[in-house]
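Here's the letter readout for the chains.
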Amino acid sequence: VAFMFSRYLAIPILISLFISSALALGSSLQVCETSGAPGEVVVVPVEIAATEAVAGVHMRLRFDSNRLEWLGASAGPIVSAGQRIEATQPIDGVLNFLIRPQMQVTQLHRAEGTLALLKFRVKADSKPGDVAEISLANTGWAPPPIPATGMSNLSGKSISHVSTPGAIHVVEVAGGG
């Protein structure tokens, strides 16, 4: 009887450990890595994984303006129609990016997936092998002074998360040109 009792007792403990491990992973925001040839337009996905409903996200990105030209941003498939996306370039090589509810309180369709698509052109004078980093910049020098990234829930409370920078790797033009 004691053996059977301990075996059944182990199941809730294992389930509890599994749930605790999943929650320990926490929320994350990642700028992906991709590649592109000189002169090519490249789309860089920004991925999110959150442990709760997300209403707003901001990022301040720094990119290599000697190798990349900023073209714009668009909302990813998890951004709801009730949210607004704003992307500005206050100075060369720095992007301020914001997704927020418009008038009504809204949240992302899902707490995991592609949040945004950042569009760059690899400058024609970039060389294969170059790496144009896209870092998350916690800057006080480019107005306004804001943290590199932030996520908030429907109450406006900050969601703790980790952030990962990305890059565009410059490759040869297709066909060896």
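Anyway, here's the lowdown on the structure attached to this text.

## Focus on the overall build of the protein chain
Right, so step 1: Counting its regular elements, the protein chain contains one helix and twelve strands.
Right, so step 2: Counting from the amino terminus, the protein chain carries its helices and strands in the arrangement α-β-β-β-β-β-β-β-β-β-β-β-β.
Right, so step 3: Scored against the burial criterion, the 177 residues of the protein chain give a buried share of 37%.
Right, so step 4: Across the protein chain, every contact between residues at least 6 apart in sequence was considered, and the portion connecting residues at least 24 apart equals 77%.
Right, so step 5: Surface accessibility of the protein chain: about 9,800 Å² in total, with carbon and sulfur atoms responsible for 59%.

## Focus on the environment of Ala 124
Right, so step 1: Mapping Ala 124 onto the fold places it in the loop between strand E8 (112-122) and strand E9 (131-136).
Right, so step 2: Residue classification places Ala 124 among the exposed positions, given a relative accessible area of 67%.
Right, so step 3: C-alpha of Ala 124 to C-alpha of Gly 39: the two residues are 85 residues apart in sequence and 4.6 Å apart in space.
Right, so step 4: Leave out the neighbours within four places in its chain, and Ala 124 touches Pro 38 and Gly 39.

## Topic: the sheet that holds E8
Right, so step 1: Strand order in the open sheet formed by five strands is E5-E8-E3-E1-E11, and the pairing between neighbours is mixed. Only two strands of the sheet have a single partner each, and these edge strands are strand E5 (68-75) and strand E11 (161-164). Taken pair by pair, the neighbouring strands of this sheet meet at an average axis angle of 20°, ignoring direction.

## Details of the pattern of salt bridges
Right, so step 1: Counting across every chain of the model gives three salt bridges.
Right, so step 2: In this structure, the salt-bridge partner of Arg 67 is Asp 64, at a minimum N-O distance of 2.5 Å.
Right, so step 3: Arg 67 is the salt-bridge partner of Asp 130, the closest N and O atoms lying 3.1 Å from each other. With Asp 130 in the loop between E8 and E9 and Arg 67 in the loop between strand E4 (56-63) and E5, this residue pair connects regions lying 63 residues apart in the sequence.
Right, so step 4: Here Asp 130 falls in the buried class, since its relative accessible area comes to 18%.
Right, so step 5: Judged by its relative accessible area of 26%, Arg 67 falls in the partly exposed class.
Right, so step 6: What emerges from the salt-bridge pattern is a single network uniting Asp 64, Arg 67 and Asp 130.

## Description of the packing of aromatic side chains
When we look at a pair of aromatic rings, we describe it by the centre distance and by the angle of the planes.
Right, so step 1: Throughout the structure, instances matching the rule amount to two aromatic pairs.
Right, so step 2: On the numbers, 5.5 Å between centres and 65° between planes, the contact of Trp 70 with Phe 120 is edge-to-face. Of this pair, Trp 70 sits in strand E5 while Phe 120 sits in strand E8, placing them 50 residues apart in sequence.
Right, so step 3: Judged by relative accessible area, which is 17%, Trp 70 ranks as buried.
Right, so step 4: Three or more aromatic residues link up through ring pairs in this structure, and these residues are Phe 63, Trp 70 and Phe 120.

Procedures and definitions
- Residues numbered from 1 in each chain as written.
- Predicted model: local features only at pLDDT ≥ 70, side-chain atom pairs only at ≥ 80, totals over all residues.
- Heavy atoms only, no water.
- Helix = DSSP H or I, 4+ residues; strand = E, 2+ residues; numbered from the N terminus.
- Buried < 20%, exposed > 50% of the residue type's maximum accessible area, 1.4 Å probe, protein only.
- Contact = heavy atoms within 4.5 Å.
- Areas by Shrake-Rupley, 256 points an atom, 1.4 Å probe, with all protein chains shown as cover.
- Pairing = 2+ DSSP bridges.
- Axes fitted to C-alpha atoms, helices over the stretch in contact; angles between N-to-C directions.
- Salt bridge = Lys/Arg side-chain N within 4 Å of Asp/Glu carboxyl O.
- Phe/Tyr/Trp six-rings, centres within 6.5 Å; stacked < 30°, edge-to-face > 60°.

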